[in-house]
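# Structural characterization, general
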Amino acid sequence: MPETSSPAPLRVALLGCGVVGTEVARGILANPIDLEARVGTRVELTGIAVRSLDTERVTDDGFVIPHDLLTTDAEALVDGADVVVEVMGGIEPARTLIVRALGAGAAVVTANKALLAERGPELFEAADAAGVDLLYEAAVAGAIPIVRPIRESLAGDHVRRVLGIVNGTTNYVLDKMATEGLDLDQAVKEAQALGYAEADPTADVDGFDAAAKAAILASLAFHTRVALKDVAREGIRGVSAADVAWARRTGHVIKLLAVAEVIGPVDDGEISVRVHPALVPDSHPLAAVRGAFNAVFVEADGAGPLMFYGQGAGGRPTASAVLGDVVSVARRRLTGGKGLRESKDQAFPVLPSQAAVTRYQVRLAVADRPGVLAQVAGVLADHGVSIDTVRQAPSDEKAETAHLIITTHAAREASLAATVDAVAGLEAVREIISVLRVEGS
Ligand SMILES: NC(=O)c1ccc[n+]([C@@H]2O[C@H](COP(=O)([O-])OP(=O)(O)OC[C@H]3O[C@@H](n4cnc5c(N)ncnc54)[C@H](O)[C@@H]3O)[C@@H](O)[C@H]2O)c1
Ligand SMILES: N[C@@H](CCO)C(=O)O
Ligand code: NA
């Protein structure tokens, strides 16, 4: 009988053993899903790089990570690996270790959106040069398959627009404000108590986390390179309980959206990439995304609208995406295939935020007397901003003040800003209370 030799085991090195890392380790060591059967060879966790050997590493449901797998020598661990899984976060030493791994011919799986958004090109070039995979499904919207669908399933289509709720913490905060009437600070404290928001909630509340994910999504969707610095970013600090309540009255919810869209021809246009709070009509699928859930709504020429929904964070959900990537790179290595190359054939100019085209809802307090509405409408007309609807809220008779809620047709951000300044200058206008973009209609 001819001898058949089974393929060598796949050696996986894990960098980081925190919320995600412990669950990745458990997934490899104690996976009820048989990784060996999925991959075609044994998947061996060779070690886990940690900062301290003294901490006991246990998953939420009590799976203890064997102490003998832990090491503080991340470089040595990387050098012996076929696949390196980076879940330590931060820029350094993650960047150096990933470049080292790729240079040595190992495939890399990472969940590190901050690193990809800041140093992606360097990493993709190292992966392409070595002909190995650099996969990062977990970096955008956690468990939700969105990187692979955009990169592979939609590669034969033209993506026009991506609208994403890609930060669970801010979605939880805005949802609490809408459903319980909390103000922003109260809702952030609740998010912190539940472990969604960090002690310093800046990365979430000010939109940095969503902006990193927007840069990654835009790069994939439009086959180009969008860096974090190209993303116009506004967080949710300016959203008041009154804004949220008014949104409900006008049939909207406020969401922090990551928006990436082509403006102009799909093969010769420009792109706008931005993160900001926006009014989403109740009828849009994104309006139904509650609590800390994430969702990404994609519009493509051929496919039409697509919606991806699920858990964007948490140890097990994020580890699910990481493990899927591990299986994917392992299968490719086993068949001797090269890694997927970065797709960056389109050089779309990224528009500055003032050039973005959106609908707006402006809420203002005006003197309640004849002719004021006509004056305000006249200023919008003079600036070429077209009104879709005007609604007047019940007036405060004592103060002789009326509230106007004006929704515009699509206008450039720069024109709208100039228009609002001119409206604010009218003698009859007491206050511009809020200006919010309207997306998804
Ligand atoms: N937690 C989530 O829900 C989630 C979701 C998606 C993506 N991510 C990403 O996954 C990565 C990990 O996130 P996390 O929540 O598990 O973070 P975490 O802070 O819980 O874990 C990171 C671990 O890496 C260790 N570490 C950091 N630097 C190290 C070094 N130089 N050497 C050895 N160990 C080091 C830390 O001590 C910590 O234990 C981050 O890039 C994060 O953005 C996390
Ligand atoms: N802080 C992020 C974790 C996932 O990237 C969130 O709230 O969604
Ligand atoms: Na994902």
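Rules behind the numbers
- Residues numbered from 1 in each chain as written.
- Chains lettered and ligands numbered in written order.
- Predicted model: local features only at pLDDT ≥ 70, side-chain atom pairs only at ≥ 80, totals over all residues.
- Heavy atoms only, no water.
- Helix = DSSP H or I, 4+ residues; strand = E, 2+ residues; numbered from the N terminus.
- Polar contact = N/O pair within 3.5 Å; in protein donor to acceptor, adjacent residues only side chain to side chain.
- Contact = heavy atoms within 4.5 Å.
- Near = heavy atom within 4 Å.
- Areas by Shrake-Rupley, 256 points an atom, 1.4 Å probe, with all protein chains shown as cover.
- Nonpolar A, V, L, I, M, F, W, Y, C, P; charged D, E, K, R; others polar.
- UniProt positions renumbered as here; feature names shortened; annotations may be inferred.
- Buried < 20%, exposed > 50% of the residue type's maximum accessible area, 1.4 Å probe, protein only.

## Topic: the side chain of K213
Position of K213 among the secondary structure elements: in helix 10 (residues 208–221). A polar side-chain atom of K213 sits 2.8 Å from the main-chain carbonyl oxygen of V166. Within the structure, K213 has its side chain in polar contact with the side chain of D209 (distance 2.6 Å). Ignoring any residue separated from it by four or fewer positions in sequence, one finds K213 in contact with K113, A139, V140, A141 and V166.

## Side note on the site of ligand 2
Every residue close to ligand 2 is listed here: K113, N167, G168, T169, D204, D209, K213, G312 and A313. Within the side chain of K113, an N or O atom sits 2.4 Å from an oxygen atom of ligand 2. A distance of 3.4 Å is found between an oxygen atom of ligand 2 and a side-chain nitrogen or oxygen belonging to N167. Expressed as a share of its isolated accessible area of 260 Å², the protein-covered part of ligand 2 is 81%. Only helix 7 (168–180) and helix 10 provide two or more residues apiece to the shell around ligand 2. Of the residues that constitute the shell around ligand 2, the class distribution is 1 nonpolar, 4 polar and 4 charged.

## Some words on the UniProt feature "binding site: L-homoserine" (unreviewed entry) in the protein
Following the UniProt record, the feature "binding site: L-homoserine" (unreviewed entry) maps to E198 here. Take E198: it is sitting in the loop between helix 8 (184–193) and helix 9 (202–205). Since its relative accessible area comes to 54%, E198 is described here as exposed.

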